[in-house]
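Listed below are the residues making up each chain.
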Amino acid sequence: MQLARNDRYRLKVEGIVQGVGFRPFVYQIALKNGIKGFVNNSSEGVFIEIEGKKEDIENFLSDLNDSLPPLAKINKIEKSRIEPKNSNDFKIIQSSITDVKSALISPDIAICKDCLKELRDKKDRRYNYFLINCTNCGPRYTIINTVPYDRVNTSMNRFKMCYECEEEYKNPLDRRYHAQPISCYKCGPGIKFYKTRTKEVLSFGEEAIKLCAKSIKRGNIVAIKGLGGFHLVCSAVNPKAVRLLRKRKNRPSKPFAVMFKSLEDIKKVAVLNQFEENLIQSKEKPIVIVKKKELHKFRKRELPITSFVAPGIDRIGVFLPYTPLHYLLFDYLECPVVATSANLSDEPIIRYKDELYEKLSSVVDFVLDFNRDIVNACDDSVVQVVANEKQTLRLSRGYAPKYIKLSHKLDNKILCIGANQKNTITLAYEDTLVVSPHIGDLTSIEAMEYFERTIESFKRFYDFEPDVVVHDKHPFYETTKWVKQLKATNEKLKIYELQHHYAHILSCMAEFDLSKKVLGFSFDGTGYGDDGNIWGGEVFKCDEKEYERVYHFKYIKLLGGDKAIKEPRRMALSLLFENYPLQEVLDMNIAIVKNFSNIQIKNFYKVWQNCSLQTSSVGRLFDGIASLCDILQISNYEGESGLLIESFFDEDMHELLPYNIKEKEIDLSDAVNKIINIMCENKNINDKKTIISSMFINTIAQIIIDISINSNLDIVLSGGVFQNKTLLNMVVNKLKNIDKKVYFQRHTPINDGGISLGQAWWAVKNNLL
C-alpha cells in the first residue's frame with residue numbers, strides 16, 4: 001500500500017509576532033495537528049516551514065489565524081509550496097538576521113492575570129517579585145535596541161539568567177519561553193529607595209517598596225520608575241501634598257492623573273459607563289478621562305480625593321496599576337496617588353535617576369529606582385470614550401508603536417515628522433506605516449534631542465534611511481528648521497511640506513483607509529494657513545490628493561501674537577474691538593473690560609489697529625468666549641478654556657447663539673453681541689456662564705450640521721477642538737440623526753499627535769519620489 005505524500009509549505013508571517021509568545025504558540029499547534037518542520041524569528045518577521053497531510057495543514061493554518069496569543073497580531077502571511085524534507089519533528093530554531101529589518105515591535109503591556117496570580121502566590125518563587133513578567137505582558141518597546149526581539153538586543157542583556165529562569169526560557173511549552181525580560185530574585189535587577197537630598201540608599205528590595213509607601217502617606221513626593229520613565233507620585237487625598245507638588249513643579253491648575261488600587265475605588269470618584277470600565281481594565285491600562293463626581297457633596301473626612309487634583313473641571317484622568325511594582329506599592333497604601341510624568345515643563349519624561357537628581361532635586365523628596373535600563377522613553381497613553389467609541393488623546397504605552405498595513409508596497413522610504421506640538425513621527429516603508437509613541441511639544445532643546453533620538457531609534461529598528469521627508473508647512477516650526485538642516489547634509493533627500501489642517505483630515509482618512517472625497521472639519525488651536533494666516537476653523541472638500549477650503553471661520557486679529565494663546569482676555573478684547581467702537585468697549589461693565597485699565601485698553605486698541613496676524617481658529621474662539629463670560633482670563637495649560645466651558649455645559653439647554661454663514665465665511669459677530677447682552681443682565685454670574693457655555697457649544701455643533709446637510713459627502717472630524725467630548729458627542733449624534741456617515745479617530749490621536757500619520761497618508765497616496 002502506497003502512503004499518501006506529505007505537502008510542505010514555507011510561511012513568512014508579518015505583524016506583531018516577536019516577543020508575544022508567537023513561536024511557542026506555533027510549536028504547540030504544530031504538535032496538536034501532527035505537523036513537522038520549524039519556526040524561527042528573523043529581522044523580517046517569523047518564518048515557518050510546515051510539512052504534513054493536507055487536512056492537518058489546513059487545521060494548522062486555521063489555528064494559526066483563529067487562536068493567536070493575546071498580544072500577537074498577524075498582518076500578512078506569504079505562503080509558498082516547497083519540496084517535502086521528510087522532517088521527523090517540529091522545532092523552534094535560533095533567530096536569524098537578514099539584510100532586511102521589518103519585524104514589528106510590540107508595545108509594552110500591563111501585567112497579565114497569570115503573572116498577577118503568581119505575584120500573590122506565597123508558594124511561587126516569584127512571590128512579590130517586582131519585575132515579574134512573561135510572553136503575555138511586561139516591557140517590549142521600552143527595553144529594545146534593535147530587532148529581532150531577542151534578549152541580546154535588549155537592556156536585559158547584562159542580566160545572566162539563573163538555572164530556573166533559563167529552563168523556563170528554553171521550554172516551548174512554558175509561558176515564559178523566550179520571554180526576553182525574564183528574571184527572578186536570583187538573577188534579575190534590584191530595587192532601591194534613595195533620599196534625593198543626600199543620594200543615600202535608605203533600603204533595598206521589599207523594604208524599599210514599604211518605605212516608599214510610608215513616605216507617600218506622610219505627604220512626601222516620590223519619583224517611582226515605571227515602564228517608560230519615572231512618575232512623580234504623591235497622595236491624591238492629601239491636599240497639602242498635591243498643592244506642594246503643584247508649587248514645586250510650577251503647575252498651578254493643569255489636571256493630574258490619578259492611579260487607583262481598584263475599579264471600585266475609581267467608582268467612588270467618577271461616574272463610569274461600561275465602555276469606560278472596559279478601557280480602564282484593558283490589557284493596555286491607559287489613563288482614561290472620565291466624568292468626576294461632585295466632590296462638594298462628600299463630607300470632608302470622606303473625600304476620596306482632594307479637589308486640587310483636577311481643579312475647576314468636571315473631568316478626571318484615572319488609571320489602574322499596570323506593573324507588578326504598582327501592585328506591591330498598593331499593598332502598603334490605602335489611598336489613590338497622583339502619578340504624573342517626571343519632567344520639567346516642555347521636556348520629555350525622565351528615564352534615569354541621575355537626570356532626576358540633576359533636574360528635579362527641588363521637586364522630589366525620595367526616589368524608588370531599579371537597574372533595568374529604559375532604552376526608549378514612553379509616556380502613559382490617554383484616552384476617553386465618545387459616542388461609545390475609544391478616542392485617543394495621547395498614543396503611547398500599550399498602543400504604540402502603532403502599525404497600519406498598506407495595500408501595496410512602496411518604492412521608497414518616507415519619514416514624516418509631524419507638528420510642533422504633541423509631536424509624533426511616522427515611517428512609511430515596504431507596505432507598512434509605523435506611528436511612534438508620543439514625543440511631545442518641541443519647545444526645548446531637550447525635547448528636540450528626544451525627537452532626534454526617537455528618529456534614530458526607529459531608523460535603527462528597521463535599517464531605515466529616508467528617501468523622502470514630509471514636514472508641516474509652518475516656516476517657524478522646529479521640525480521645519482530640522483529638515484532644512486538635514487537637507488543641507490543630503491542633497492539627494494526629497495523634502496515636501498503639507499498644510500497642517502489638511503493633514504488632520506488625512507490622519508482620520510488613514511485610520512479608516514478612506515480613498516474618496518470627504519467633507520472635512522478641521523478645528524484646532526493653531527496651524528499655518530496657505531494665505532499666511534493662522535488657520536484652525538477649516539472646512540475642506542478633499543481627498544487624499546488635494547483639498548479645497550470651502551468654509552472657514554471669520555478671521556480675528558491675534559492681539560500680541562503668541563501671547564494671545566496664553567491670555568484668552570486678549571482674544572476677547574480682539575472680539576470686542578471687531579464689533580464695537582473703542583468708547584463703547586471702555587464703557588462696558590463686564591469682567592473682561594475690568595481686567596485692564598483704560599490706558600491698557602487704549603494701547604491694545606492701537607496694537608489691534610496695526611495688527612496683521614489673523615486667525616480663523618475655533619480653539620482661539622473658545623478662549624475668547626471663556627474670557628468674555630469671565631471663566632478664564634489667563635491660561636495655565638493648553639485646552640483649559642475648552643475644559644472649563646465644557647464643565648459649565650447644561651445638556652438641558654438647547655438655545656443657540658446667532659451666526660451667519662455667507663459665501664465661505666462663518667461669522668460669529670452677532671454671537672458676540674448676544675454674549676455681551678447676557679453678561680450685562682442682572683443674573684447670577686454662574687448662571688450666565690452656564691447659559692453662554694451651553695449656547696456656544698450648541699452653536700459650533702449646529703454650524704457643522706448646517707454645512708454638512710447641504711453636502712452629499714461623508715463627514716470627517718479632526719483636530720484638537722474635537723477632544724471636547726460634549727461637542728463631539730453632540731455632533732456625531734446629530735449627524736447620525738440626518739443619516740450622515742461620520743468618521744473621527746479612535747486609535748490614533750485626533751489632535752496634533754496625528755499630523756505625522758496624515759502626512760504619511762498623503763505621501764503614500766501621491767507616490768512621492
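If you're wondering where the values come from, they're calculated on a predicted model, not measured in any experiment. (Residues numbered from 1 in each chain as written. Predicted model: local features only at pLDDT ≥ 70, side-chain atom pairs only at ≥ 80, totals over all residues. Heavy atoms only, no water.)

1. Some remarks on the nonpolar core
Okay, step 1: Membership of the largest hydrophobic core comes to 159 residues, with the highest contact counts inside it found for V309, F521, L576, L628 and L717.
Okay, step 2: The element best represented in this core is helix α22 (residues 685-709), accounting for eleven residues.
Okay, step 3: What L717 contacts, discounting residues up to four positions off in sequence, is F521, I704, F722, L728, V731, V732, V742, Y743, F744, Q745 and I750.
Okay, step 4: Ranked by size, the runner-up nonpolar core spans 60 residues in total, among them L11, L64, F90 and F451. (Core = buried A, V, L, I, M, F, W, Y, C linked by side-chain atoms within 4.5 Å. Buried < 20%, exposed > 50% of the residue type's maximum accessible area, 1.4 Å probe, protein only. Helix = DSSP H or I, 4+ residues; strand = E, 2+ residues; numbered from the N terminus. Contact = heavy atoms within 4.5 Å.)

2. Some words on the pattern of salt bridges
In a structure, side chains of opposite charge can pair up when their charged atoms sit close to one another.
Okay, step 1: Counted by the stated rule, this structure contains 50 salt bridges.
Okay, step 2: A salt bridge links R315 to D314; the shortest N-O distance between them is 3.4 Å.
Okay, step 3: Assessed through its relative accessible area of 10%, R315 is described here as buried.
Okay, step 4: A salt bridge links E430 to K409, with the nearest nitrogen and oxygen atoms 3.1 Å apart. Of this pair, E430 sits in the loop between β20 (426-429) and β21 (432-435) while K409 sits in the loop between β18 (402-405) and β19 (414-416), placing them 21 residues apart in sequence.
Okay, step 5: When salt bridges with common partners are traced through the structure, they connect K12, E14, K76, E78, K405 and D431 into a single cluster. (Salt bridge = Lys/Arg side-chain N within 4 Å of Asp/Glu carboxyl O.)

3. Some details on the environment of V469
Okay, step 1: Among the structural elements, V469 can be located in strand β22 (residues 468-472).
Okay, step 2: Residues V469 and G37 lie 432 residues apart in sequence; the distance between their C-alpha atoms is 43 Å.
Okay, step 3: Sequence-distant contacts of V469, that is, excluding residues within four places in its chain, are made with L415, I417, V483, L486, L493, K494, I495 and Y496.

4. Here we look at the layout of surface pockets
Okay, step 1: Empty space within the second largest pocket amounts to approximately 440 Å³.
Okay, step 2: Considering the residues around the second largest pocket, the lining is formed by 16 residues, among which R315, F649, E651, T726 and N729 are closest to the centre.
Okay, step 3: Put simply, the parts of the chain that give the lining of the second largest pocket at least two residues each are β12 (287-292), α20 (640-647) and α23 (725-737).
Okay, step 4: Here the lining of the second largest pocket gets seven residues from one element, more than from any other, and that element is α23.
Okay, step 5: A per-class count over the lining of the second largest pocket returns three nonpolar, five polar and eight charged. (1 Å grid on protein atoms, 1.4 Å probe; cavity = no way out; pocket = protein on both sides within 12 Å on 5 of 7 lines; lining within 4 Å. Points joined across faces, edges and corners; volume = space filled by probe spheres on them. Nonpolar A, V, L, I, M, F, W, Y, C, P; charged D, E, K, R; others polar.)

5. Details of the sheet that holds strand β23 (residues 494-498)
Okay, step 1: Pairing is mixed in the open sheet, where six strands are placed in the order β18-β21-β20-β19-β22-β23. Unpaired on one side and paired on the other, β18 and β23 mark the two borders of the sheet. Taking the axes of each pair of neighbouring strands and ignoring which way they run, one obtains an average angle of 20° across the sheet.
Okay, step 2: Sheet contacts for helix α13 (residues 500-511): β18, β22 and β23; angle to β23, the most-contacted strand, approximately 95°. (Pairing = 2+ DSSP bridges. Axes fitted to C-alpha atoms, helices over the stretch in contact; angles between N-to-C directions.)

6. As for the sheet that holds strand β30 (residues 665-667)
Okay, step 1: Strand order in the open sheet formed by seven strands is β29-β30-β26-β25-β24-β31-β32, and the pairing between neighbours is mixed. If you trace the sheet from one side to the other, it starts and ends with β29 (660-662) and β32 (742-744), each paired once. Between one strand axis and the next, the sheet turns through 20° on average, direction left out of account.
Okay, step 2: As paired strands, strand β31 (residues 714-718) and β32 are joined by three bridges and run parallel to one another. Note on β32: the bridge partner recorded for I715 is V742.
Okay, step 3: Contacting β24 (518-523), β25 (537-542), β26 (547-553), β31 and β32, α13 crosses the sheet at an angle of about 120° to β24.

7. A look at the packing of aromatic side chains
Okay, step 1: On inspection of all chains with the given rule, the structure shows 27 aromatic pairs.
Okay, step 2: Aromatic side chains W535 and F540 sit 6.4 Å apart centroid to centroid with 45° between the ring planes, which places their arrangement in the tilted category.
Okay, step 3: Aromatic ring contacts, followed pair by pair, group Y141, Y429, F458, F461, Y462 and F464 into a single cluster.
Okay, step 4: Sitting over the ring of Y322, R397 keeps its end group 3.5 Å from the ring centre.
Okay, step 5: When the ring centre of W535 is taken as origin, the NZ or CZ atom of R549, which lies over that ring, is 3.8 Å away. (Phe/Tyr/Trp six-rings, centres within 6.5 Å; stacked < 30°, edge-to-face > 60°. Lys NZ or Arg CZ within 6 Å of the ring centre and 35° of its normal.)

8. Digging into the pairing of strand β3 (residues 45-52)
Okay, step 1: Taking burial as the measure, the eight residues of β3 include eight buried ones, the bulk of the element.
Okay, step 2: For strand β1 (residues 7-16) and β3, the ladder comprises seven bridges, and the chain directions are antiparallel. Pairing of V13 across the sheet is with V46, part of β3.
Okay, step 3: Relative to β3, strand β2 (residues 36-42) is paired through seven bridges, and the arrangement is antiparallel.

9. Let's talk about the packing of helix α1 (residues 22-32) against helix α2 (residues 54-66)
Okay, step 1: One can describe the packing of α1 onto α2 by two numbers: an axis separation of 9 Å at closest approach and a directional angle of 150°. On the basis of their axis angle, the class for α1 and α2 is roughly antiparallel. In this structure, the crossing between α1 and α2 has a hand that is right-handed. Listed contacts from α2 to F22, F25, V26, I29, A30 and K32 of α1 are F60, D63 and L64.
Okay, step 2: Broken down by class, the residue content of the contact of α1 with α2 amounts to seven nonpolar, no polar and two charged. (Parallel < 35°, antiparallel > 145°, perpendicular 65-115°, else oblique. Left-handed = near helix turned anticlockwise from the far one by under 90°.)

None of this, on its own, says anything about what the molecule does.
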